[in-house]
Amino acid sequence: MTSTFKRLMIGAAALALTAGSAMAEKIIIGHFGNPTPMQLLSTSDELAKATGWEIEWRKFDAGTDVIAAMASGDVVLSELGSSPVAIGASSGLDIQLIAYSDVIGKAESLIARNESGIASVADLKGKTVAVPIGSTAHYSLMGALQHEGLSEADVNIVGMKPDDIAAAWGQGSIDAAWIWQPVQSEILKTGTLVVGADQTAEWGFPTYDGWVVNKAFAEANTDKVVAFLKAVDKVNGMYLANPAAWTADSAEVKALAAATGADPAQVPGILEGFTFLPMAEQTGEAWLAGAAPKIKTTADFLVKAGRIDAALDDYTGFVNPAYAAAAAAQ
């Protein structure tokens, strides 16, 4: 090979690599900023290599913001809470629930100010409670009120974003809040946990963060969506294999803290507030296979609560276990 021809070949190869990089599809992945194992994917290029995507991780404050972003086409893959899943599906948003990011326990809870006189849900009557409207926390709050025989009119419910809740708490303008981390840990410094989403689940109002995807996008990128879920399953499996090893000083927790801005000392406790399901468990009747009727139940509740105008008769088309099944099988 002549030196000139060799230089031409090297230049052509470099051009091809550059073109390939330029052609990488940019995907915005929505998330809620919780320091959960899946955040490890944002700290390396492993997912980009597995999918071929150029990835931007975008944090959302509430599910209603995710719904708006997916309706606009800006976001095609995101975490979305169980209540917003029902809201989005009921509005005709072209999404499918393909996996569970986490099942929510005490990670979302009702926190009462120490001087508020609130020791139970019943004590909320006449009090001011902040919550992100349309979120899973809002759904849990409404479920708790219903369980106690209270109406929304009995409580002054104020819709606020998480950071605004922290600010209002500091100003003393709210008595309680149903909120997630890291705001939860901040207000607990001068507050008390009254009840968590694990309890409201037992009362008949379970909540979760699911992975939802634009249906058409997923059908056109099946292998890549499966690769994404496989990567999520891998990092969740790392945690499930030995949760006790994820201490404040561990590399994994430090990485989660750096990615989300959480205090490393609080991350182990935050992780305990969630349940992470292996992908192989997600496809059964208890979860994805039985998800559509549960979305229907949530939607019917939201109609009665005046949060949406109408529920659909059937939500089967908004759930697809095939991607999780494929990820579990690989």
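Before going into details, it helps to say that this report is about the structure given with it. Everything numeric here is computed off the predicted structure, so don't read it as measured data.

### Details of the sheet that holds strand β3 (residues 77-81)
Here we have six strands laid out as an open sheet, ordered β2-β1-β3-β10-β4-β11, and mixed in their pairing. Both edges of this open sheet fall to β2 (53-59) and β11 (274-275), since each of them pairs with a single strand only. Relative to β2, strand β1 (residues 25-31) runs parallel, the two sharing seven bridges. Within the sheet, the bridge partner assigned to Gly30 lies in β2 and is Arg58. Where helix α4 (residues 82-90) meets the sheet, its contacts fall on β3, β4 (95-104) and β10 (208-214), and the angle it forms with β3 comes to roughly 110°.

### Some words on the packing of aromatic side chains
The final tally for this structure, using the stated rule, is 11 aromatic pairs. Aromatic pair Tyr100 and Trp287: ring centres 5.3 Å apart, planes at 70°, arrangement edge-to-face. Of this pair, Tyr100 sits in strand β4 while Trp287 sits in the loop between α13 (279-282) and α14 (291-304); the two residues are 187 residues apart in sequence, bridging distant segments of the chain. Among the residues examined, Trp287 registers a relative accessible area of 25% and is labelled partly exposed. Geometrically, the ring pair formed by Tyr239 and Trp246 is edge-to-face, given 5.2 Å between the ring centres and 85° between the ring planes.

### A few points about the pattern of salt bridges
For the structure on display, the rule yields 10 salt bridges. Between Asp74 and Arg58 there is a salt bridge whose closest N-O contact spans 2.5 Å. One end of the pair, Asp74, is in the loop between α3 (63-72) and β3; the other, Arg58, is in strand β2, and 16 residues separate them in sequence. Given a relative accessible area of 24%, Arg58 falls into the partly exposed group. Put simply, Lys59 and Asp61 hold a salt bridge, and the shortest N to O gap is 3.2 Å. Residue classification places Asp61 among the partly exposed residues on the basis of a relative accessible area of 23%.

### What to know about the sheet that holds strand β9 (residues 191-196)
What the five strands build is an open sheet, ordered β7-β6-β8-β5-β9; its pairing is mixed. The open sheet is flanked by β7 (156-159) and β9, the only strands paired with a single partner. Pairs of neighbouring strands in the sheet enclose a mean axial angle of 30°, with direction left out of account. Direction of pairing for strand β6 (residues 128-131) relative to β7: parallel, over a ladder of four bridges. Each residue of the ladder has a partner; that of Ala130, found in β7, is Val158. On the sheet, helix α5 (residues 136-147) packs against β5 (108-113), β6, β7 and β8 (176-180) and is oriented at approximately 135° with respect to β8.

What counts, and where the lines are drawn
- Residues numbered from 1 in each chain as written.
- Predicted model: local features only at pLDDT ≥ 70, side-chain atom pairs only at ≥ 80, totals over all residues.
- Heavy atoms only, no water.
- Pairing = 2+ DSSP bridges.
- Helix = DSSP H or I, 4+ residues; strand = E, 2+ residues; numbered from the N terminus.
- Contact = heavy atoms within 4.5 Å.
- Axes fitted to C-alpha atoms, helices over the stretch in contact; angles between N-to-C directions.
- Phe/Tyr/Trp six-rings, centres within 6.5 Å; stacked < 30°, edge-to-face > 60°.
- Buried < 20%, exposed > 50% of the residue type's maximum accessible area, 1.4 Å probe, protein only.
- Salt bridge = Lys/Arg side-chain N within 4 Å of Asp/Glu carboxyl O.

In short, the description is geometric, and any link to function would need to be established separately.
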